[in-house]
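# An overview of the molecular structure
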Amino acid sequence: MKRKKMFLIITGFFYLLFLTDLEGIIRDRSCASVLSGDVLKSEKFREQRISGELYRKLHKASGESGDWLSLLTASMAEGGFYPEKVSENQELYRKYKPEEFQLLLNAYRAVWEDVRYFPVASSEIVFENTWMAKREYGGNRSHEGTDLFGTVRESGYYPVISMTDGTVEQKGWLPLGGYRIGIRSPHGGYFYYAHLSGYEANIRKGQTVAAGDILGYMGNTGYGSEGTSGKFPVHLHLGIYIEGPFQKELSVNPYWLLKIFEKKIRNYTY
């Protein structure tokens, strides 16, 4: 009788352990389920909302490894893409959603890893979060970028610089963007600088540039055939694009990145 009772007690104990482990597995899988295969399509991901405070905490938490983007990826997933704290749970996502986690990590690397400077060589620049605001030229569309304005409204006054190392992938006229230049960064981000008054001398397609190099000058070209200017105030339109599994050019919001890098100015005499 005593043996039977002891057997039941031990069996019950291990059954409770099993249930506890099972509950933990279900909870972990539920947490990881936010990383679906089409996570890059979500507006929350494309918003790229990261506060300056969290950016600093992520770098501090990464320590000697410096792999703050893995922490960012886990923090974004755990915080519903609007994180307020650093998450240390990346192993959970790597265990249950390894492909989805790596896809998301690669996307954040493409946007953030190579950025070194603010895109205008001046501390006189202002900008607002106009992500997805309505635009009408060329048909009803949404604003996929951030517009930056200087206190001096003269076309050709402010140097526009490359935020990253990279390669000049596109250069020339677009009806919407006017004179534009597109830089492909080492980790795959495409940084699009539009409405330029003109280009820095000897800038050509296929050329390698370094972060901080002058690409051209802030202007107001576009909204018409080549050479059209003056249809809107002088400003720089900055767009950031990444390549995803469902879309070759997926736009993300540059605003939060610009807020974090607005003090990282490359100074030039002009």
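Structure shown above.
Predicted model, so just to flag it, every value in this text is computed and none were measured. (Residues numbered from 1 in each chain as written. Predicted model: local features only at pLDDT ≥ 70, side-chain atom pairs only at ≥ 80, totals over all residues. Heavy atoms only, no water.)

Once that is clear, we can look at the overall build of the chain. On a plain count of helices and strands, the chain comes out with 7 helices and 12 strands. Counting only residues that meet the buried cut, the chain has 46% of its 270 residues in that class. Across the chain, every contact between residues at least 6 apart in sequence was considered, and the portion connecting residues at least 24 apart equals 66%. Taken as a whole, the chain presents about 14600 Å² of accessible surface, with 51% of it coming from carbon and sulfur. (Helix = DSSP H or I, 4+ residues; strand = E, 2+ residues; numbered from the N terminus. Buried < 20%, exposed > 50% of the residue type's maximum accessible area, 1.4 Å probe, protein only. Contact = heavy atoms within 4.5 Å. Areas by Shrake-Rupley, 256 points an atom, 1.4 Å probe, with all protein chains shown as cover.)

Counting buried positions over the 11 residues of helix α4 (residues 68-78) gives 10, a clear majority of the element. Positive backbone phi, at 65°, marks G80, one or two positions downstream of α4.

Another aspect to go through is helix α6 (residues 98-112). The end-to-end C-alpha distance of α6, which contains 15 residues, comes to 21 Å, matching closely the 21 Å that a straight helix rising 1.5 Å per residue would cover. Every buried residue belonging to α6 is among E100, F101, L104, L105, A107, Y108, R109, A110, V111 and W112, and all of these are buried. (Expected span 1.5 Å × (residues − 1).)

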